[in-house]
Amino acid sequence: MEKYKYQYLQHFFKFGGIELTKTKVNKSIAEINDRIKRGDAVVVTAEEMVEIVRERGEVEAAKEVDIVTTGTFGAMCSSGAWLNFGHADPPIKMQRVWLNDVEAYSGVAAVDAYIGATQLSETRDFEYGGGHVIEDLVRGKEIKVKAIAYGTDCYPRKELETIVTKDDLNQAVLCNPRSAYQRYVAATNSRDETIYTYMGTLLPNYSNVTYSGSGALSPLHNDPNYETIGVGTRIFLGGAQGYIFWEGTQHAPTKAMGTIMTIGNLKEMDARYIRGATIEGYGTSLYVGLGIPIPIINERVAKTTGISDEEIRVDLTDYGVPRRERPILKEVTYAELKSGRVEVEGKEVPVSPLSSLKQAREIAGILKNWIEDKKFFLAQTVEGLSTDQVFKPIKQIAAAPVAKDLMTREVVTARPSDSITSAAKIFAKRNFDHLPIVDEKGKLVGIVTSWNIAVAVGTGKRKLSEILTSKVIVASEDEPIDAIARKFETHRISGVPVVGTGGELRGILTSEDLSKLIGRRRR
Amino acid sequence: MTKKVLLKYSAEKTKEPILASIIKETGTLLNILHAEVSAEGGEILLAIDAPDAEVNQIIKLFEQRGIETKELKRAIQLDEEKCFDCGACISLCPTGALRLTDDYSVELDEDKCIYCEICVPSCPVRALKISKF
């Protein structure tokens with residue numbers, strides 16, 4: 001806490017320099033709340049504010065406007081809900097608990113559990129998960145509860161099965177460790193195959209782009225210095241009034257990728273703004289509707305709320321590379337992304353938003369109506385959010401192995417012009433299944449397997465060039481073993497040639513090499 | 001209503017200008033939605049926007065020239081109750097049958113759909129369905 005107080009002071013000190021020159025407009029939260037009470041607060045959405053600031057400048061805009069409303073409706077995977085079931089008779093200390101076959105975390109006393117959005121059903125795979133359980137709770141649907149325990153003198157029961165709705169629960173609290181990324185990278189795919197990611201389905205060879213976030217309507221991007229947003233800020237959360245209670249996990253304010261932790265009463269929420277989702281090939285998630293009211297306390301805040309889609313830039317990132325640091329192709333603006341078409345590697349390709357821009361706009365509108373109808377008042381923050389927190393990667397005590405750590409470097413190869421019989425002899429002499437075919441410069445041109453040879457002999461083919469597979473799945477020397485294992489699985493293959501940047505053969509890696517390493521891992 | 005007819009070409013039929021000659025003969029505009037033809041034969045998917053009698057006449061003309069035809073009786077449905085306009089499907093649709101309107105609503109133009117089904121599993125709330133009838 002001390003650290004945060006210090007950061008908060010530091011934060012004000014930073015603005016203090018500007019405050020010395022005095023802002024021309026100065027409004028307190030209490031004054032703005034008085035205006036809401038009197039019914040004469042001026043509320044506009046963040047989209048409307050863009051025009052107002054552009055036309056009249058930030059000082060006039062700050063005098064005129066009291067509150068700017070924002071909104072977003074996107075997949076927020078780091079979401080979940082705390083539930084309290086109450087005690088059974090005889091009582092049970094739930095050791096493990098499932099809701100509609102989705103396991104919830106119950107390593108907290110007796111009958112509390114946390115259902116996380118990305119936890120999958122044990123019976124329905126990707127079609128149903130924690131996000132869907134949360135939506136079904138909001139809808140008032142019946143949820144099947146199953147719990148097991150080891151039994152104690154005070155909690156003797158070992159098993160419990162029942163059916164509950166949200167009305168039967170003591171508390172049902174949406175509690176999200178990370179919400180409302182300030183902005184997020186746009187995604188595309190360099191590979192020659194379709195990939196399925198948390199950024200949606202990405203077509204081969206940069207054929208589409210996806211992105212998330214609402215740009216000019218983005219809650220955190222309208223106050224990127226957190227001058228008005230902090231611990232205690234009252235917000236629109238899932239159709240009800242909720243709160244920000246800390247900085248979000250992975251909060252990265254210096255990279256304009258801030259996040260917030262949010263909390264609100266699930267029982268009061270509306271399923272229009274809390275939706276369980278399945279992301280193909282990835283898993284389940286929860287779409288959360290969220291809006292923050294930004295009080296226009298001075299012209300600095302008026303200026304930041306005037307930000308437009310043209311001014312918010314994000315990196316267009318290649319998700320075809322399964323590494324932590326993915327290659328960045330270029331910068332794009334939310335204006336380009338929202339136009340529906342973006343140029344990638346010389347061609348214009350279609351864009352999918354992934355988060356609902358229509359509902360983001362709707363949420364900013366609802367928040368505006370709530371304030372105008374005196375149903376929503378601003379909350380004074382009790383702590384600031386960190387402005388210098390850095391998002392670090394995990395500390396790894398051992399680097400994950402890559403292809404060159406495990407590959408066989410002494411590779412027996414053949415030329416396309418070699419005969420089938422000479423290749424058959426190679427296979428007979430040595431115990432392996434893959435024969436890479438290279439040209440005179442050592443560049444990989446294809447592959448022949450022992451099975452290909454068997455077929456070739458049967459059908460009377462003569463040269464390797466007649467039977468080689470030229471479209472070869474390859475790996476690069478620095479490719480992580482985990483990514484290669486996944487290639488084996490997806491393409492149902494048991495070996496890959498490892499090539500350099502010019503396509504020259506450097507080694508070979510087979511499932512046998514991998515099994516030594518990953519045999520002990522659980523699937 | 002627009003009818004969709006799938007033409008199946010055998011290898012030898014790919015050498016004749018059958019489609020062009022039928023367009024010329026009937027004067028009906030035939031919209032090619034999808035084509036995959038090689039020396040080994042192939043398929044062309046047509047959208048024909050004409051009265052039933054005229055469509056039947058065109059199908060007959062293809063059959064007479066040795067092209068196998070099949071009217072595609074499929075339907076794509078967008079469940080607007082479930083859809084929340086995230087647009088995940090938009091960039092995957094090869095024909096622009098799914099698009100975002102100016103107010104960012106997802107809109108489906110069934111006439112343009114070639115039933116490739118790529119959009120169906122991409123929908124996070126299973127609002128897209130293709131049915132055969």
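As the structure is a computational prediction, the values presented were derived from the model and not from experiment.

**What about the overall build of chain B?**
- A tally of helices and strands in chain B yields 3 helices and 8 strands.
- Along chain B, helices and strands appear, N-terminal first, in the series β-α-β-β-α-β-β-β-β-α-β.
- Based on the C-alpha atoms only, the size of chain B along its principal axes is roughly 45 × 30 × 30 Å.
- Taking all 133 residues of chain B together, the buried fraction comes to 25%.
- Sequence separation of at least 24 residues holds for 63% of the intrachain contacts in chain B that already meet a minimum separation of 6.

**Some points on the interface of chain B and chain A**
- Counting residues at the interface gives 16 residues for chain B and 22 residues for chain A.
- Classifying every residue of the side of chain B that touches chain A by side-chain character gives 10 nonpolar, 4 polar and 2 charged.

**Details of the pairing of strand β18 (residues 234–237) of chain A**
Residues and elements named next belong to chain A.
- Sheet topology note: the β18/strand β19 (residues 240–247) ladder contains 4 bridges and is antiparallel. Pairing of R234 across the sheet is with Y243, part of β19.
- If you look at the hairpin formed by β18 and β19, you'll find 2 residues sitting between the two strands, and G238 has a positive phi there, around 60°.
- Inspection of the sheet shows β18 paired to strand β22 (residues 283–291) by 2 bridges, in the antiparallel sense. Counted as the bridge partner of L237 is L290 from β22.

**Regarding the sheet that holds strand β2 (residues 67–69) of chain A**
Residues and elements named next belong to chain A.
- Read across the sheet, 3 strands follow the order β1-β2-β23 without closing on themselves; strand pairing throughout is mixed. In the strand order of this sheet, the two ends are held by β1 (43–45) and β23 (293–295), each with one partner. The sheet shows a mean angle of 25° between the axes of neighbouring strands, direction not considered.
- Both β2 and β23 contribute to a ladder of 3 bridges, which runs antiparallel. In the strand pairing of β23, V68 is matched with I294.
- The strands touched by helix α3 (residues 46–64) are β1 and β2; relative to β1, the strand with the most contacts, the crossing angle is about 100°.

**Considering the domain arrangement of chain A**
All names here are of chain A.
- The domain boundaries assigned to chain A delineate domain 1 (2–75 + 197–307 + 353–384), domain 2 (86–169) and domain 3 (403–518).
- Here domain 1 and domain 2 have C-alpha centroids that lie 33 Å from each other.
- Those elements that place two or more of their residues in the side of domain 1 that touches domain 2 are β21 (274–279) and β22.
- Its residues assigned to classes, the side of domain 1 that touches domain 2 comprises 6 nonpolar, 5 polar and 2 charged.

**Some words on unusual backbone geometry**
- Here the bond from A:D89 into A:P90 is cis, since omega is -10°, no more than 30 degrees from zero.
- Looking at the element boundaries, A:P90 is found in the loop between β4 (80–84) and β5 (96–99).

**Regarding the nonpolar core**
- Core analysis: the largest hydrophobic core is formed by 121 residues, its most contacted members being A:V65, A:I115, A:I134, A:I296 and B:C89.
- A:I481, A:V496, A:V499 and A:L505 belong to the second-largest nonpolar core, a separate cluster that totals 12 residues.

**Some points on the sheet that holds strand β31 (residues 475–476) of chain A**
All names here are of chain A.
- Read from one edge to the other, the open sheet built from 3 strands follows the order β31-β32-β33, with strand pairing classed as mixed. Only two strands of the sheet have a single neighbouring strand rather than two, namely β31 and β33 (505–510).
- Of the pairings in the sheet, the one linking β31 to strand β32 (residues 495–499) comprises 2 bridges and is parallel in character. Bridging from a neighbouring strand, S476 pairs with V499 of β32.

**Describing the pairing of strand β10 (residues 143–148) of chain A**
Residues and elements named next belong to chain A.
- Here β10 shows a buried face lined by I143, V145 and A147 and an unburied face lined by K144, K146 and I148.
- Note: β10 against strand β11 (residues 159–164), 6 bridges, orientation antiparallel. By the bridge assignment for β11, I143 is matched with V164.

**What to know about the packing of helix α9 (residues 420–429) of chain A against helix α10 (residues 450–459) of chain A**
Residue and element names in this part refer to chain A.
- Where α9 meets α10, the closest approach of the two axes is 10 Å, and the angle between their N-to-C directions is 135°. Judged by the inter-axis angle, α9 sits oblique to α10. Of the two possible hands of crossing, α9 and α10 adopt the one that is left-handed. Across the interface between the two elements, I420, A423, A424 and F427 from α9 touch S450, I453, A456 and V457 from α10.
- Tallied by class, the residues present in the contact of α9 with α10 amount to 7 nonpolar, 1 polar and no charged.

Rules used in this analysis
Residues numbered from 1 in each chain as written. Chains lettered and ligands numbered in written order. Predicted model: local features only at pLDDT ≥ 70, side-chain atom pairs only at ≥ 80, totals over all residues. Helix = DSSP H or I, 4+ residues; strand = E, 2+ residues; numbered from the N terminus. Buried ≥ 20, exposed ≤ 12 C-beta atoms within 10 Å, placed from the backbone. Contact = placed C-beta atoms within 7 Å. Nonpolar A, V, L, I, M, F, W, Y, C, P; charged D, E, K, R; others polar. Pairing = 2+ DSSP bridges. Axes fitted to C-alpha atoms, helices over the stretch in contact; angles between N-to-C directions. Domains from an automatic or database assignment. Core = buried A, V, L, I, M, F, W, Y, C linked by C-beta atoms within 7 Å. Parallel < 35°, antiparallel > 145°, perpendicular 65-115°, else oblique. Left-handed = near helix turned anticlockwise from the far one by under 90°.

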